[in-house]
There are 2 protein chains.
Amino acid sequence: MPANVTLRLDFDAGRRLGHGKIALLEAVERHGSIAAAGREFGMSYRRAWLLVDELNRMFSAPMVAARGGGRNGGGAALTETGSRVVALYRAAEKTILAGAAAEIDALEALLATSAADASPADPSPLDLSPGELPG
Amino acid sequence: MPANVTLRLDFDAGRRLGHGKIALLEAVERHGSIAAAGREFGMSYRRAWLLVDELNRMFSAPMVAARGGGRNGGGAALTETGSRVVALYRAAEKTILAGAAAEIDALEALLATSAADASPADPSPLDLSPGELPG
């Protein structure tokens, strides 16, 4: 199975953009709702809202905006900036997959053939967040 | 400030390779010791050892091996496979930086100029691990 490649961008002032936030934005667009987008990932409304709020403050314009009122009480949608950020991130990911294919294939060829022991039941204690290690 | 780009590879069976593990391997090589490598990142010996153990099982050959005995009680070093994996990962990262520079620059240009509000005192509750979101 080819590797799934994830891109994480660390900008200055601790501003981070990665797979998770982009997927949440895509879900907001799909569902027209922050609450529904959060639910898709088993996230509380508060957590989803905090992430959207962080994203809104991270860029020069909000990425998610309230949409209409109307019968269904309105919802949320991506702004032009939001759509642009999602598109740029996904384009960068595509470029990466194409550009680094040789190295990634070579890494894959070095993997153990039996993965039975390599996948602990609870991977979290071994899940090293890049944030824990400098540089 | 240009963005720091981090590459994360998710292979099958939950096998993951990212910045953190690669940095740990580089530190093992630098210090000649798993314990010292862990200390560099404020990690307990147990945690560093578990990560190395996971890496050793992930690939077709161990990535870290015990080195000599002798007066100083021996230590640890990268194997040929270990060195190769680190080199391939770093090469992929370089290719990415070059290949996706246009998209990353465009994302950077969209950032808010004042980052004061974008960096919470404790970012951890907002630090969305990609593992939490599927696809």
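Scroll up for the structure.
In this report, we go over the structure that sits alongside the text.

The next subject is helix α1 (residues 19-31) of chain A. An α-helical segment advances 3.6 residues per turn. Residues three or four places apart therefore align on the same side. All names here are of chain A. An ideal rise of 1.5 Å per residue puts 18 Å on 13 residues; α1 measures up with 18 Å between its terminal C-alpha atoms. Three or more residues of α1 are buried, namely H19, G20, K21, I22, A23, L24, L25, A27 and V28. Looking one or two places after α1, you find G32, whose phi comes out positive at around 65°.

Here L7 of chain A is to be found in strand β1 (residues 4-10). Along the sequence, L7 of chain A and Y89 of chain A sit 82 residues apart, while their C-alpha atoms lie 8.3 Å from each other. Once residues within four sequence positions are removed from consideration, L7 of chain A is found in contact with L17, G18, H19, Y89, A92, E93 and I96 of chain A together with V5 and T6 of chain B.

For the rest of this paragraph, the subject is helix α5 (residues 101-109) of chain A. Taken residue by residue, α5 of chain A has E103, I104, A106, L107 and E108 of chain A as its buried positions. Where α5 of chain A is buried, its residues contact β1 and α4 (80-99) of chain A together with β1 (4-10), β2 (16-17) and α4 (80-99) of chain B.

A separate point is the sheet that holds strand β2 (residues 16-17) of chain A. Read from one edge to the other, the open sheet built from four strands follows the order β2(A)-β1(A)-β1(B)-β2(B), with strand pairing classed as antiparallel. With partners counted over all chains shown, the strands left at the sheet margins are β2 of chain A together with β2 of chain B, one partner each. Looking at chain direction, β1 of chain B and β2 of chain B are connected through two bridges and run antiparallel. In the strand pairing of β2 of chain B, D10 of chain B is matched with R16 of chain B.

Moving on, we get to the packing of α5 of chain A against α4 of chain B. Packed helices, taken two at a time, are described by the angle their axes make and the gap between the axes. Viewed as axis vectors pointing N to C, α5 of chain A and α4 of chain B meet at an angle of 160°, and their least axial separation amounts to 8 Å. When the axes of α5 of chain A and α4 of chain B are compared, the pair comes out roughly antiparallel. α5 of chain A and α4 of chain B meet at a crossing whose hand is left-handed. Two secondary-structure elements touch here, α5 of chain A through E103, A106 and L107 of chain A and α4 of chain B through R84, V85, L88, Y89, A91, A92 and T95 of chain B. In the contact of α5 of chain A with α4 of chain B, the residues fall into seven nonpolar, one polar and two charged.

This part is about the pattern of salt bridges. Residues and elements named next belong to chain A. Under the counting rule described, the total for this entry stands at 16 salt bridges over all chains. Residue D12 is joined to R15 by a salt bridge in which the shortest nitrogen-to-oxygen separation is 2.6 Å. With relative accessibility at 28%, the residue D12 sits in the partly exposed group. By relative accessible area, which is 3% here, R15 ends up buried. Between R57 and D53 there is a salt bridge, with the nearest N and O atoms lying 3.0 Å from each other. In this pair, R57 and D53 are both assigned in helix α3 (residues 45-58), four residues apart and thus about one turn of the helix distant. For R57, a relative accessible area of 32% puts it in the partly exposed group.

Thresholds applied
- Residues numbered from 1 in each chain as written.
- Chains lettered and ligands numbered in written order.
- Predicted model: local features only at pLDDT ≥ 70, side-chain atom pairs only at ≥ 80, totals over all residues.
- Heavy atoms only, no water.
- Helix = DSSP H or I, 4+ residues; strand = E, 2+ residues; numbered from the N terminus.
- Expected span 1.5 Å × (residues − 1).
- Buried < 20%, exposed > 50% of the residue type's maximum accessible area, 1.4 Å probe, protein only.
- Contact = heavy atoms within 4.5 Å.
- Pairing = 2+ DSSP bridges.
- Axes fitted to C-alpha atoms, helices over the stretch in contact; angles between N-to-C directions.
- Parallel < 35°, antiparallel > 145°, perpendicular 65-115°, else oblique.
- Left-handed = near helix turned anticlockwise from the far one by under 90°.
- Nonpolar A, V, L, I, M, F, W, Y, C, P; charged D, E, K, R; others polar.
- Salt bridge = Lys/Arg side-chain N within 4 Å of Asp/Glu carboxyl O.

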